[in-house]
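Listed below are the residues making up each chain.
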Amino acid sequence: MTHKVTLIPGDGIGPEITESVVRVIEAAGVDIKWDRQLAGIPAVQEYGVSVPDQCLDSIKENKVALKGPLTTLVGKGFRSANVTLRRKLDLYANLRPVKTIGGVPSRFDKVDLVIVRENTEDLYSGIENIISPGVTQAIKVVTKEASDNISRFAFEYAIANGRKKITLVHKANIMKISDGLFLRSFEEVAEDYPEIKAEDKIVDALCMNLVIDPTRFDVLLLGNMFGDIVSDLAAGLVGGLGVVPGANIGNEYAVFEAVHGSAPDIAGKNIANPTALIFSALMMLRHLKEEDAATKIWKSIVVTLAMGNHLTKDLGGTLSTTEFTDELVKEISSRT
């Protein structure tokens, strides 16, 4: 069947790596009609806003989007397009699998984590005020509804994917009301899923234990801010942000994305690693029930990386984005 998917190339290296993904999916035999839309800096330049209405309308119509990296300016400029998409579409669950891959240099073997991050509130609610000159305030928002939703999502994901344990990560020893609510909600929802082991860890202890032995954890459930930080830390355990995927999922829509930055310093040089966005596209294909194609691409990229001589510069190789994609397409074609 033909799928219609919104494609947001992004900025920086985004257009280069999204074209790589389009080639890979085509080689696997999946028929997708791409609806290309702008967001981030290109959208601001064209429409004056980071997420124009036509981009949102496209995702609402197609239900699924694949998104390249978007630049978020630091301390100035427009509001993050990534945050805007998540809130406007109620993409309340951020899903980031973190898995050791043969051929990718990393500090640990046999890492197989899934990070589930609440995506719509916490400190990312964007409520900031200037109290007086030199004094600012940021408000952390935690609601029972959002906490229940993300906890239930994590348990349902664990059951559907054969996971055995969920660790709720918090700072309820200090933020007794906000993180306390998050923790109590998790404990209440856990009662409905006795087949899944439920535990909790204070975030600083969790970070220490992750870098000592990440294999002791299975699914990690976190609020928005801690989830953002810990998911990047976990990516560093398996080779970095260039090899981990991401998805933002709600009840109606799903946006699959590369979780790394737009790397404007190497944009246009044809040296970016498309692996993270390819892995994100595999999550998208499974969401679209294209299991065979996703498995074919997964096996092909694992083989390509494991060879050790078909790597991009960030992984210690010499291949350009195009050359890496060429090798991957050849491996996929050999499996048809």
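Definitions and cut-offs
Residues numbered from 1 in each chain as written. Predicted model: local features only at pLDDT ≥ 70, side-chain atom pairs only at ≥ 80, totals over all residues. Heavy atoms only, no water. Phe/Tyr/Trp six-rings, centres within 6.5 Å; stacked < 30°, edge-to-face > 60°. Helix = DSSP H or I, 4+ residues; strand = E, 2+ residues; numbered from the N terminus. Buried < 20%, exposed > 50% of the residue type's maximum accessible area, 1.4 Å probe, protein only. Salt bridge = Lys/Arg side-chain N within 4 Å of Asp/Glu carboxyl O. 1 Å grid on protein atoms, 1.4 Å probe; cavity = no way out; pocket = protein on both sides within 12 Å on 5 of 7 lines; lining within 4 Å. Points joined across faces, edges and corners; volume = space filled by probe spheres on them. Nonpolar A, V, L, I, M, F, W, Y, C, P; charged D, E, K, R; others polar. Expected span 1.5 Å × (residues − 1). Arc of directions from axis to C-beta. Contact = heavy atoms within 4.5 Å.

1. Examining the packing of aromatic side chains
Next up, step 1: Per the counting criterion, the structure on display carries four aromatic pairs.
Next up, step 2: Their ring planes at 10° and their centres at 5.0 Å tell us that F155 and Y193 sit as a pair that is stacked. Of this pair, F155 sits in helix α5 (residues 144-160) while Y193 sits in the loop between α6 (178-190) and β9 (197-202), and the two are 38 residues apart along the sequence.
Next up, step 3: On the basis of relative accessibility, which here comes to 0%, the residue F155 falls in the buried class.
Next up, step 4: Ring centres of F279 and W298 lie 5.4 Å apart, and the angle between their planes is 45°; this geometry places the pair in the tilted category. Of the two residues, F279 is situated in helix α9 (residues 275-287) and W298 in helix α10 (residues 291-306); the sequence distance between them amounts to 19 residues.
Next up, step 5: For F279, a relative accessible area of 5% corresponds to the buried category.
Next up, step 6: Members of the aromatic cluster, connected to one another through ring pairs, are F155, F186 and Y193.

2. A few points about the pattern of salt bridges
Next up, step 1: A full pass over the atoms with the stated rule returns 20 salt bridges.
Next up, step 2: R163 serves as the salt-bridge partner of D218, at 2.8 Å between the closest nitrogen and oxygen. Taken together, the positions of D218 in the loop between α7 (203-212) and β10 (219-222) and R163 in the loop between α5 and β8 (165-170) put the pair 55 residues apart, joining distant regions of the chain. The same class applies to D218 and to R163, which are both buried.

3. A few points about empty space enclosed by the protein
In this approach, a probe sized like a water molecule rolls over the atoms, and the result shows the empty space that is left.
Next up, step 1: Counted under the stated rule, the structure contains one cavity of 30 Å³ or more.
Next up, step 2: Here the largest cavity is characterised by a volume of approximately 110 Å³.
Next up, step 3: Along the walls of the largest cavity sit 15 residues, with D122, V142, F182, G223 and N224 positioned nearest its centre.
Next up, step 4: Breaking the lining of the largest cavity down by element, the ones donating at least two residues are α5, α6 and α8 (224-236).
Next up, step 5: When residues in the lining of the largest cavity are grouped by element, the largest group, three residues, is from α8.
Next up, step 6: In terms of residue class, the lining of the largest cavity is made up of seven nonpolar, three polar and five charged.

4. Focus: the layout of surface pockets
Next up, step 1: In this structure, the second largest pocket spans a volume of roughly 780 Å³.
Next up, step 2: Residue lining of the second largest pocket: 22 residues in total, with P97, Y157, N161, M283 and R286 positioned closest to the centre.
Next up, step 3: Here the lining of the second largest pocket gets five residues from one element, more than from any other, and that element is α9.
Next up, step 4: Among the residues forming the lining of the second largest pocket, the class breakdown is 14 nonpolar, two polar and six charged.

5. Considerations on helix α11 (residues 321-333)
Since the α-helix turns once every 3.6 residues, residues separated by three or four places project in the same direction.
Next up, step 1: With 13 residues, α11 should reach 18 Å at 1.5 Å per residue; the first-to-last C-alpha distance of 18 Å fits that figure.
Next up, step 2: Taken as a whole, α11 has its buried residues at T321, F324, T325, L328, V329, E331 and I332. Within α11, the buried residues cover an arc of 160° as seen down the axis, which keeps them to one side.
Next up, step 3: Packed against the buried residues of α11 are α1 (14-27), α9 and α10.

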